[in-house]
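Structural features, examined
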Amino acid sequence: MHENLRAEGITTDEDREIFLKCRKRCEEFNIEIVPLPCPETLYLGIPRPPGSFSERLDTPEFSVLLDRLEKEVRELISTKGEPLCILGVNSSPTCGVTTTYRTNEKSAGPGVFLKRFSGLCAVDVRMFAQYRIYLASPLFSEAERRYNSYLAGLLRENFFSVYLPQEADDTAEGRGKSREQTIYEKNLSELKNADIIVGVIDGSDADSGTAWEMGYAFASGKRVIALRTDFRKFSGNERVNLMLEMGAEVVSSVEELVSALAFRPLP
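Description of the structure in this document.

Cut-off values and rules
Residues numbered from 1 in each chain as written. Predicted model: local features only at pLDDT ≥ 70, side-chain atom pairs only at ≥ 80, totals over all residues. Heavy atoms only, no water. Buried < 20%, exposed > 50% of the residue type's maximum accessible area, 1.4 Å probe, protein only. Helix = DSSP H or I, 4+ residues; strand = E, 2+ residues; numbered from the N terminus. Arc of directions from axis to C-beta. Contact = heavy atoms within 4.5 Å. Core = buried A, V, L, I, M, F, W, Y, C linked by side-chain atoms within 4.5 Å. Pairing = 2+ DSSP bridges. Right-handed = clockwise from strand over helix to strand, strands pointing away. Axes fitted to C-alpha atoms, helices over the stretch in contact; angles between N-to-C directions. Left-handed = near helix turned anticlockwise from the far one by under 90°. Nonpolar A, V, L, I, M, F, W, Y, C, P; charged D, E, K, R; others polar. Expected span 1.5 Å × (residues − 1).

Within the sequence span of helix H11 (residues 254-261), burial applies to Val254, Leu257 and Leu261. Looking down the long axis of H11, one finds its buried residues gathered within 55 degrees of arc, a one-sided arrangement. Next to the buried residues of H11 lie strand S5 (132-136), helix H6 (142-157), strand S7 (196-200), strand S8 (223-227) and strand S9 (249-251).

Here is the structure:
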């Protein structure tokens, strides 16, 4: 994650913030960071201008270098165990995860180095940096609060930082102390700070507060995932609310929720 290993002029302030968030996620969950070698830096040196694989890296010498680096990384994996994931940087000719510059035109698929680790989970740094979840859900009964705590615990086990309003004194007692404005401002601040909103939309109709939070998140350009485990349907295609469903990724089980957030193996 060292910007000096990248081509000149491509690292932005946004990139630096993303790399910092990746590091913070690892620190928060005690995930060890093991730096991997940068094939482009070893082959082309520092500094270097941006370029595609076909322009400067499609050589027998570079292929030999990749062979050596792959062997080193596989020996490291054999010693330390399979990693949670490999972090890559999309568009990189060597370390892209889902996009790469093999030629001057961006194309789908991993870079030439990551492509050698087929079957291992890999994720682009921008996706890995999106780990702060706002869990929007009804919280008015004991059953609802227990379910919310279960969901929050499951998400945290998968290395997501979760804000759950009921844990921040959004309870009957908390609201009874004329703290409505404080609770509103805290929840709104956490909504703005979140990367992903998970909304529970079970029931004959979605909870109004949850619907508001999902709508705010959608309008803010955030990723919204709706969890609907209730098998009832409002109509043939509409499960509970057209606007909520069209503005979110809808999953039908906790397993599907975890899968939607999971890292994917390289093809």
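After that view, the rundown keeps rolling.
The next point concerns the environment of Gly119. One can find Gly119 in the loop between strand S3 (107-108) and strand S4 (121-124). Take Gly119: its relative accessible area is 46%, and that puts it in the partly exposed class. On a C-alpha basis, the gap between Gly119 and Glu70 in space is 14 Å, while along the polypeptide they are 49 residues apart. Residue contacts for Gly119: discarding those within four places in its chain leaves Pro265 and Leu266.

Membership of the largest hydrophobic core comes to 31 residues, with the highest contact counts inside it found for Ile133, Leu135, Phe160, Leu257 and Leu261. For this core, the secondary-structure elements that each account for two or more residues are helix H1 (13-28), helix H5 (125-128), S5, H6, S7, S8 and H11. Residue contacts for Leu257: discarding those within four places in its chain leaves Leu151, Leu155, Val198, Ile225, Leu227 and Val251. By size, the runner-up hydrophobic cluster in this structure holds 18 residues, among which are Val73, Cys95, Val97 and Phe113.

Of all five residues that make up S5, four are buried, and the element is covered over most of its length. Bridge count for S5 against strand S6 (residues 161-163) is three bridges, and the pairing is parallel. Residue pairing for S6: Tyr134 is matched across the bridge by Tyr163. Running through H6, the crossover from S5 to the neighbouring parallel element S6 is right-handed. Across four bridges, S5 lies against S7 in parallel orientation. Residue pairing in the sheet places Tyr134 in a bridge with Ile197 of S7.

Considering the arrangement of structural elements, one finds Leu139 in the loop between S5 and H6. Taking C-alpha positions, Leu139 is 9.9 Å from Thr210, a pair spaced 71 residues apart along the chain.

Let's shift gears to the sheet that holds strand S1 (residues 86-88). Ordered in space as S1-S4-S10, the three strands form an open sheet in which the pairing is mixed. Every interior strand has two partners, whereas the edge strands, S1 and strand S10 (264-265), have only one. Across three bridges, S1 lies against S4 in parallel orientation. Within S4, the residue paired with Ile86 across the bridge is Ala122.

So, about the packing of H6 against H11. Axis separation between H6 and H11 bottoms out at 11 Å; the angle between their running directions is 35 degrees. Regarding H6 and H11, the two cross each other, and that crossing is right-handed. Contact with H6, carried on its side by Tyr147, Tyr150, Leu151, Leu154 and Leu155, involves Val254, Leu257, Val258 and Leu261 of H11 and no other residues of that element. The class makeup of the residues in the contact of H6 with H11 is nine nonpolar, no polar and no charged.

When the terminal C-alpha atoms of H1 are compared, their 22 Å separation across 16 residues agrees well with the 22 Å that a helix rising 1.5 Å per residue should span. Burial in H1 covers these residues: Asp15, Ile18, Phe19, Lys21, Cys22, Arg25 and Cys26. For H1, the arc enclosing every buried residue in end-on projection is 155 degrees, short of the 170-degree limit, so these residues lie on one face. In H1, the exposed residues that point more than 90 degrees away from the buried face are Asp13 and Glu27. On the buried face of H1, the contacting elements are S1, H5 and S5.

Remember that the coordinates give geometry; whether it matters functionally is a separate question.
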